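Read off the chains here:
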Amino acid sequence: MKKKRWAKGVRITSGVIWNLFLLFLVFGITLSVFAASVGAGYFASLVAKEPLRPKAEMRDAIFNYEETSEIFFADNIYLGKVSSDIERKETTLDKVSPYVIDAVLATEDEYFETHNGIVPKAIFRGLFQDVTNSSSQTGGSTLTQQLIKNQILTNEVSYERKAKEILLAIRLEHFMNKDEILEAYLNIIPYGRNAQGQNIAGIETAAEGIFGIKAKDLNLPQAAYIAGIPQAPFAYTPFRSSYYGGGLKNEENIKPGIDRMKTVLFRMKETGYISNEEYETAIAYDITQDFREPTRRATDRYPYLTQEIQGRTIGILARILAEKDGVDPERLDVEEKLEEKYRILAEREMRTGGYRIYSTIDKDLYDKMNKIGEDFEYYGFTYTREEKDASTGETVLKDDPVQVGAIMLENQTGKILSFIGGRDHQLTNVNHATQAYRQNGSSMKPLLVYAPAIEYGVIGAGSPVVDVRFEINDGSGKWSPTNYIATVENGIIPARKALAESLNLPTARLYRDIIDRRPAEFLEKMNFSKLMPEDYTNYSTSYGGMTRGVSVEENTNAFATFANGGKFIESYMIERIEDMNGNVVYQHEVEPVDVFSPETSYIITDMLRDVVKPGNTGQQVPKYLNFNLDLAAKTGTTQGYGDAWLVGYNPNVTLGVWLGYKDQSRKLYTRGSGQMHPTTRTSILFSRLLNTANETKPDIVGASNRFQQPAGVVNRSFCGISGLAPSPACSAAGLVRSDLFNSKVMLPTKADDSIISASYVSVKGKRYMALPSTPSEFIVQGGTGVNQEFMDRMLGPWGGDASKLFPPNSVFASQVVSGSVFSPDGAAPETVHASISGSNIVWTESPSNDVIGYYVYRDDEKIATIRDGEANSLPIGPGNYYVRAVDITGLLSAGSNIVSVDGQDDSDDLEDEDEQIPPVSPPDNGDGVDNPNDGNNDNGNGNNNGNGNNQGGNGTPGTPPTNEEDEDDD
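The rules behind the values
- Residue numbering note: each chain is counted from 1, following its sequence as written.
- This being a predicted model, a pLDDT of at least 70 is required before a residue's local features are given, and a value of 80 or more before pairs of side-chain atoms are given or counted; all residues contribute to the totals for chains, interfaces and linings.
- Hydrogens and waters are ignored; side-chain quantities use all the structure's heavy atoms.
- Secondary structure elements are taken from DSSP: a helix is a run of H or I of four residues or more, a strand is a run of E of two residues or more, and numbering for both begins at the N terminus.
- Only protein chains enter the accessibility calculation, which uses a 1.4 Å probe; a residue is then buried when its area is under 20% of its type maximum, exposed when over 50%, and partly exposed in between.
- Contacts between residues were defined by any pair of non-hydrogen atoms, one from each residue, lying within 4.5 Å.
- To measure how exposed things are, a 1.4 Å probe is used in the Shrake-Rupley method; for residues, cover is taken only from the protein chains shown.
- Distance thresholds for patches are 9 Å for like charges and 5 Å for nonpolar side chains (Val, Leu, Ile, Met, Phe, Trp, Tyr), applied to residues having over 30% relative accessible area and no salt bridge.
- Put simply, a salt bridge is a Lys or Arg side-chain nitrogen that is within 4 Å of an Asp or Glu carboxyl oxygen.
- Strand pairing requires that DSSP identify at least two bridges connecting the strands.
- Orientation is described by axes fitted as lines to C-alpha atoms, over the contacting stretch for helices, and by angles from 0 to 180 degrees between their N-to-C directions.
- Any two cysteine sulfur atoms within 2.5 Å of one another count as a disulfide.
- Helix span, as expected, comes to 1.5 Å for every residue beyond the first.
- Put simply, angles under 35 degrees are roughly parallel, angles over 145 are roughly antiparallel, angles from 65 to 115 are roughly perpendicular, and the rest are oblique.
- Put simply, a crossing is left-handed when the front helix is turned counterclockwise from the back one by less than a right angle, and right-handed when it is turned clockwise.
- By the convention adopted, Pro, Cys, Tyr, Trp, Phe, Met, Ile, Leu, Val and Ala count as nonpolar, Lys, Arg, Asp and Glu as charged, and the other residues, Gly among them, as polar.
- Here the arc refers to the set of directions running from the helix axis out to each C-beta atom.
- Between N or O atoms, a polar contact is any pair within 3.5 Å; within protein, one atom must be a potential hydrogen donor and the other a potential acceptor, and residues adjacent in sequence are included only when both atoms are from side chains.
- As used in this record, nonpolar core signifies buried Ala, Val, Leu, Ile, Met, Phe, Trp, Tyr and Cys residues forming a set joined through side-chain atoms within 4.5 Å.
- pLDDT runs from 0 to 100 and stands for how confident the predictor is about each residue.

A. Molecular detail of the overall build of the protein. Across its full length, the protein carries 27 helices and 33 strands. Per-residue burial over the protein gives 53% buried out of 970 residues. Taking as baseline every contact in the protein between residues at least 6 positions apart, the subset at least 24 positions apart corresponds to 70%. Carbon and sulfur atoms make up 50% of the accessible area of the protein, which amounts to about 43300 Å² in all.

B. Broad picture of a nonpolar patch on the surface. Residues I12, V16, L20, L23, F24, F27 and L31 make up a contiguous nonpolar surface patch of about 710 Å² in total accessible area. Counting through the fold element by element, F24 comes out in helix α1 (residues 5–46).

C. The environment of M444, seen in detail. Relative to the elements of secondary structure, M444 occurs in the loop between β10 (416–420) and α17 (445–456). The spacing of M444 and G545 is 101 residues in sequence and 8.7 Å in space, taken between C-alpha atoms. Excluding residues that lie within four positions of it along the chain, M444 makes contacts with V449, L523, F528, T541, S542, Y543, G544 and M546.

D. Examining the sheet that holds strand β27 (residues 834–837) more closely. Spatial strand order, β27-β28-β31: three strands in an open sheet with antiparallel pairing. The sheet is open, and its two borders are formed by β27 and β31 (873–875), each paired with just one other strand. The average undirected angle you get between the axes of adjacent strands in this sheet is 25°. Strand direction decides the pairing type here: β27 and strand β28 (residues 840–843), joined by four bridges, are antiparallel. Residue pairing in the sheet places S835 in a bridge with V842 of β28.

E. Summary view of the state of the cysteines. By the definition in use, this model includes one disulfide. There is a disulfide in this structure between C719 and C730, and the S-S distance comes to 2.2 Å. Its S-S torsion of about 105° marks the bond between C719 and C730 as right-handed, since a negative value means left-handed. Taken as a pair, C719 in strand β22 (residues 713–719) and C730 in helix α26 (residues 728–732) lie far apart in primary sequence, 11 residues in all.

F. Up close: helix α21 (residues 552–563). The terminal C-alpha atoms of α21 lie 17 Å apart, and with 12 residues this matches the ideal 16 Å at 1.5 Å per residue to within 8%. Counted residue by residue, α21 has 12 buried out of 12 residues, so it is predominantly covered. By the burial criterion, the buried members of α21 are V552, E553, E554, N555, T556, N557, A558, F559, A560, T561, F562 and A563.

G. Quick peek at the pattern of salt bridges. Counted according to the given criterion, the structure contains 42 salt bridges. Here K255 ties to D259 by a salt bridge, and the two come within 2.9 Å at their closest N and O atoms. With K255 and D259 both in helix α11 (residues 251–270), this residue pair falls four residues apart, about one helical turn. Judged by relative accessible area, which is 47%, K255 ranks as partly exposed. Ionic pairing is found between D362 and K697, a salt bridge with its closest N-O pair at 3.3 Å. Of this pair, D362 sits in the loop between β6 (356–359) and α16 (363–375) while K697 sits in the loop between α24 (678–696) and α25 (698–701); the two residues are 335 residues apart in sequence, bridging distant segments of the chain. With respect to class, D362 is no different from K697; both count as buried. Among the ionic contacts, a cluster of salt bridges with common partners joins R496, D606, R609, D610, K613, D630, R706 and D739.

H. Seen up close, the packing of α17 against helix α22 (residues 598–609). Viewed as axis vectors pointing N to C, α17 and α22 meet at an angle of 125°, and their least axial separation amounts to 9 Å. Taken together, α17 and α22 sit at an angle that is classed as oblique. The two elements α17 and α22 cross, and the hand of that crossing is right-handed. For the pair formed by α17 and α22, the contact residues are P446, Y450, A451, I454 and E455 on the first element and T600, I603, I604, M607 and L608 on the second. Per-class residue counts for the contact of α17 with α22 are eight nonpolar, one polar and one charged.

I. Structural context of the environment of A486. As for its placement among the helices and strands, A486 is situated in the loop between β13 (478–479) and β14 (491–494). Classification of A486 by relative accessible area gives partly exposed; the value is 36%. C-alpha separation for the pair A486 and R469, spaced 17 residues apart in sequence, amounts to 9.2 Å.

J. Region of interest: helix α27 (residues 788–795). Of the residues making up α27, those classed as buried are F790, M791, M794 and L795. When α27 is viewed along its axis, its buried side chains cluster within an angular range of 120° and face the same direction. On its buried face, α27 is in contact with β11 (464–467), β14, α19 (504–514) and β26 (780–786). Capping the start of α27, N787 holds a side-chain oxygen 3.3 Å from the backbone nitrogen of E789, two or three residues further along. Looking one or two residues beyond α27, the residue adopting positive phi is G796, at roughly 65°.

K. Examining the sheet that holds strand β25 (residues 766–769) more closely. With antiparallel pairing, three strands are arranged side by side in an open sheet as β25-β24-β26. Since the sheet does not close on itself, it has two edges, and those belong to β25 and β26, each with one partner. On average, each strand axis in the sheet is tilted by 60° relative to the strand beside it, whichever way the strands run. Pairing between strand β24 (residues 755–763) and β25: four bridges, direction antiparallel. Each residue of the ladder has a partner; that of Y760, found in β25, is M769.

L. Examining the nonpolar core more closely. L305, F419, Y450, M526, F528 and I604 are the most contacted members of the largest nonpolar core, which totals 85 residues. Broken down by element, this core gets its largest block of residues, 10 residues, from helix α14 (residues 303–324). Listed in part, the 62 residues of the second largest apolar core include A106, L143, F211 and I226.

M. Representation of unusual backbone geometry within the structure. If you check the backbone angles, Y641 has positive phi at about 65° while not being a glycine. Looking at where Y641 falls in the secondary structure, it is placed in the loop between β19 (632–637) and β20 (643–649).

N. Structural detail: the confidence of the model for the protein. When pLDDT is averaged across the protein, the result is 86; 87% of the residues are at 70 or more. Overall, residues 904–917 carries pLDDT values under 50, and its contacts beyond four positions in sequence, including any with other chains, amount to 25 contacts. Long-range and interchain partners of residues 920–970, a stretch whose pLDDT sits below 50, account for 132 contacts in this model, where long-range means more than four residues apart.

O. Local environment of the side chain of S359. Note on placement: S359 falls in strand β6. From its side chain, S359 meets the backbone oxygen of F72 in a polar contact 2.8 Å long. A distance of 3.4 Å separates the side chain of S359 from the backbone nitrogen of I361, its partner in a polar contact. Aside from chain neighbours lying at most four places away, what touches S359 is F72, F73, A74, I309, M573, I574 and E575.

This is the structure we're talking about:
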């Protein structure tokens, strides 16, 4: 057959085909080798710049996924998550439902258990689809590749990134086992949004955010639903964005996610992870019934609190990060740019570092105190203000209500137990307890004036201080402060009384005596953060006039120093911070700072106990308290009632309350307006907060505890007007007082030398020494007086009216009069006008400034002497009457108009000179005109014996009104 023609043709053809086959085979192999070489070369060029990453570096990068930090109340009570762009919570593989693992493997990587990081056919399929621009893009990334893309590389779409991904995936498989890779994948992959509309990542966060359960408790349909989301997270998630308020999408937009769930279930059945029966049951399951209802986030439920905790955490982490970089953390306090840099880094770290932040805030106490703040009905008037809307540019009206800031501290630790940050966080997000800085009014007085003065040994609790007005030029103009009631001057009073009644004048004078010692340095030690150089030298700082103000936290923290025996313990809110692995990265440590001695602290505390006693500025507090405690407190208002303060403490806790408007030009109170006084408002709120604290946490408040008097605090007697040791003259005058002293720095040892015998006369309600020519009937004999040296010493460089050292309202008024000498004008007093009122003669005051009283005449016979301060009236019978004014030198005015008992008033004859009695001089010349100094009546009837016992002649000077207000005007 070989010889046949057809056989020969077959042989030739087959030979040609074979040779061609061999040729094409060689060409194909050569081409393939070439293509492979080119591909390998191209692949090599793509990854040429990719460094050879060591094992440790790759593992750290894979496990370095962001996790949302969490916040806790005290006692490890969960509060919520910090604000973050994406929420993630780490978990471990053993805490994930097996259904989830099966669903992920069936959907994302069915060869996961067998491949070495890549699936070549999937890569080639994806490459072919890409080259041919196929409409079907099935993808080909394994879980390992997805890990590399998310944790080491980027989402950039390029061949270079894909080549690096393949190389690193193969390498990673040598450094991590399958369980580690799968666990890392489940913790980093995005899962759309939670019920609040926040972006979420990680299987644990997805289970909680979508279904409200743990990842280990997911059933088959739930697992399939979540496993299907990563392919298109925002298309398949059932919830809307937080921009739209979160919550479920409509039915049409939920359907794609449900369809994707069914696809995942089908793949699970096809790959053998579930049976057909399980598949049918899961397909019929109504997944929508499991979707979580939206809940309020921690930032919505506790806006002031979460904001404050996050802010403080950022500050702490900034210092930690700086220290890690070898930067001295103290530099952050003075270098603004450096602080800004590390705060930015710290904020990012705080939000995504997976920290557990444990605060000092007691949840029950915080909730109940803020409820008291919300329900308080006496804040006052709400104003409105115009404000431009940032988005529309339109002018809109915004409420401007009275704001509140309050804070409670645990004294011995500095823990912030609770606070009230404001009335409406949406209206203003300023935390008025910690971030608002305002002048602290008279609450400054014990901190800057009285405690330092005791510490320096200048005063004891009852030492005399001077409440007399003055006017000085302080370098910026005339300065003449007043008390709350400008007309009130109490003269010499105990320091205890001056502080309890919150008087400005004695405070300013005492501050002048110690200002050269820079007492504002005590404020430095107590962390007053806004002190300016002028605050060390301005006298007005003594009653709260700080340039930039103080926060409620700082002011309250300073008062806690007294409760701690003079040791300042800085307030704090962050107890500790743990990283995601449970390692403590920060733990607060209490570091007491010595500020005042225990003796000074106890004396001030004892003085501040008086503030809440009847008649003093905080007298209303006990009225509203429903329990008893050893309470020391101080009130304060600022000029024009822009701010109202009340800070009080017992041995365990300190509570500070502030009220005021955001717009500082608004005033809390206008006298005579009928509004509730700001001090009354703060007293009610303060008391209610203490009441609820005692009801909620009685063990923390410790109402039964009392301050213990140190051995160095002693009670000693002293002369009340000078503060020196009692002298026999002081004792005889009944001026001895006793009170507390710090025996280590001050005791009254030098005997008082101020007392002299004195007679006085009253002029316009003020007491002066009698002159030799002063009529005796106007003189109060045998009084106790003081010498000029004493007056000069007490009034000091600022001076003042010495006659006001012992005014009628003085606590020493009944026992002593100053030795001030009145300077007469040398002219006879101006006349007065008389009239009849009922059965009395009445007359006007003489305009002259040196009048000590009046003589009343009937038918030219002197019948009565009326001293200054007595009523200008006298009962009369039949006759003609007139009145003469008498000055301190004995000069008499002309007689008034004559009035008669029959009702005929001769006032119409005032212009007739014969109806006026001419003025006379003191010497008795025997002309029939009475000389009031000789004790005789020159008309010979002997009715005036000069002893001051004439009708109306023995009255006492009137008493001006006392300070009935309950606060100072700073």
